[in-house]
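Observations on the three-dimensional arrangement
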Amino acid sequence: MGNASKKNVFKFASIVTSVLILALGLLGFSWNFGKWDKKAPKEYICQYTEEKVAIDGVFDEPCWQKAKKITFYRLERWVTKQPHRKAISKTTARLLWDKDYLYIAMEAEDKDIWATIEEHDAVLCREDVLEIFLKPRKSKCSYYEFEISPKNVTWDIFYSSRGVSDNDKHCTAYESNLKSATKVYGTLNNWKDEDGKWTLEVAIPFSSLKDTIDRTPQNGEQWRFALCRYDFSSYLEDVELSSSACLGQRWFHLYEDYDILKFQR
C-alpha cells in the first residue's frame, strides 16, 4: 500500500473514531438529560387534631398554626447547578389529620391567577392548579392524584400503576368525595391587573383510599407524598412547575423521590 493510500486509511479511521466519540458523548448527554442527583426524602410530621377544621379556604383554626410549614421548590426545565431553587411563585403548605380525614392547606402567591375550566374531572393542569399526590403503601404500585383549580374545580385520579394513563376510564371513574374550598385574593383571568394569592383547603376522606388502605392511619405510620403546582402567569417566561419534594426529574409522578409523611398523635 502506498503512502498516499495509508494516509487516506488513517484519515478515514480518525474521522470514524471522532464520530463514534461524538455519538457516545451525545448518548451520554441524552441519558442524563433532565436528571439531577437524588436527594434523600424529607420527613414531615403530620399532627393529629381533635379540633374541628372548617373547609373554607381560610386557615384560622389554631391547629393550622401548629402544623409545620412546607415550602415548594422550582423544577427547572433544563439541568442546572441549582436544580432545587425556591419557586418564583412562592407556595407553602401544611397538613393535619384526624380519624376521618387528611387535611391539606396550601397558599399560592400569584400576581396573575388564571382558571377558566369548570368541568369536574377535566384536565386542569393546562391552567393554574394545585396538586396532591399520595402513595400510602410503598409496597404497592398504586397511588392517587388530586388536582384543584382556583375556581375550586376538582379532578381526582387513582392510578393502579404508574404506566396507566389518566385518560383510562378506571382512573377518571374514581371519586374521592373530597371536600375543598378556595379563596382568590385578586381577580381571575385578567392579566392586566396584579393579583395577590389564592388559597386551598382540602379534606380527603381516608375511606376513599380503600384501594390501598383499609383503615385510618396508625400512630407512626409513614406514607409517601408530594404537593405540586402548575403556575401559568404573564410575568413568567415559561409555565412554572414546583413541588414540595425535591424530584429528580421535572415529572410529578416520580414517587421514588416523594417525601415521607409521618402520622403522629
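Residues numbered from 1 in each chain as written. Predicted model: local features only at pLDDT ≥ 70, side-chain atom pairs only at ≥ 80, totals over all residues. Heavy atoms only, no water.

**A few points about the packing of aromatic side chains**
Which entries qualify depends on this criterion: Between the rings of Phe, Tyr and Trp (Trp by its six-membered ring), a pair exists once the centres lie within 6.5 Å; its type follows the angle of the planes, with under 30 degrees stacked, over 60 edge-to-face, and the other angles tilted. Going along the chain from the N terminus, every DSSP run of H or I of four or more residues is numbered as a helix, and every run of E of two or more is numbered as a strand. Note on exposure labels: buried denotes an accessible area under 20% of the residue type's maximum, exposed denotes more than 50%, and partly exposed covers the range between, all computed with a 1.4 Å probe on protein chains only. Sitting over a ring, as applied to charges here, requires NZ of Lys or CZ of Arg to be within 6 Å of the ring centre and within 35 degrees of the ring normal.
For the structure shown, the criterion picks out 20 aromatic pairs. When the ring of Phe158 is compared with that of Tyr174, the centres are 6.2 Å apart and the planes differ by 50°; the resulting orientation is tilted. With Phe158 in strand β8 (residues 154-159) and Tyr174 in the loop between α3 (169-172) and β9 (179-185), this pair connects stretches of sequence that are 16 residues apart. With a relative accessible area of 8%, Tyr174 lands in the buried category. Judged by centre distance (6.4 Å) and plane angle (75°), the rings of Tyr255 and Tyr258 are edge-to-face. Accessibility expressed as a relative area gives 14% for Tyr255, which makes it buried. An aromatic cluster is present here, built from Phe133, Tyr143, Tyr159, Tyr230, Phe232, Phe252, Tyr255 and Tyr258 joined pairwise through their rings. In this arrangement the basic side chain of Lys183 is found over the ring face of Tyr185, its NZ or CZ atom lying 5.6 Å from the centre.

**As for the pattern of salt bridges**
Put simply, the test is: Here, a salt bridge means any Lys or Arg side-chain nitrogen found within 4 Å of an Asp or Glu carboxyl oxygen.
Evaluated as defined, the whole model comprises 14 salt bridges. Linking Arg74 and Glu76 is a salt bridge whose minimum nitrogen-to-oxygen distance equals 3.9 Å. Judged by relative accessible area, Arg74 falls into the partly exposed class, the value being 22%. Residue class for Glu76 comes out buried when judged on its relative accessible area of 8%. Among the ionic pairs, Lys99 bridges to Asp100, the shortest N-O distance being 2.9 Å.

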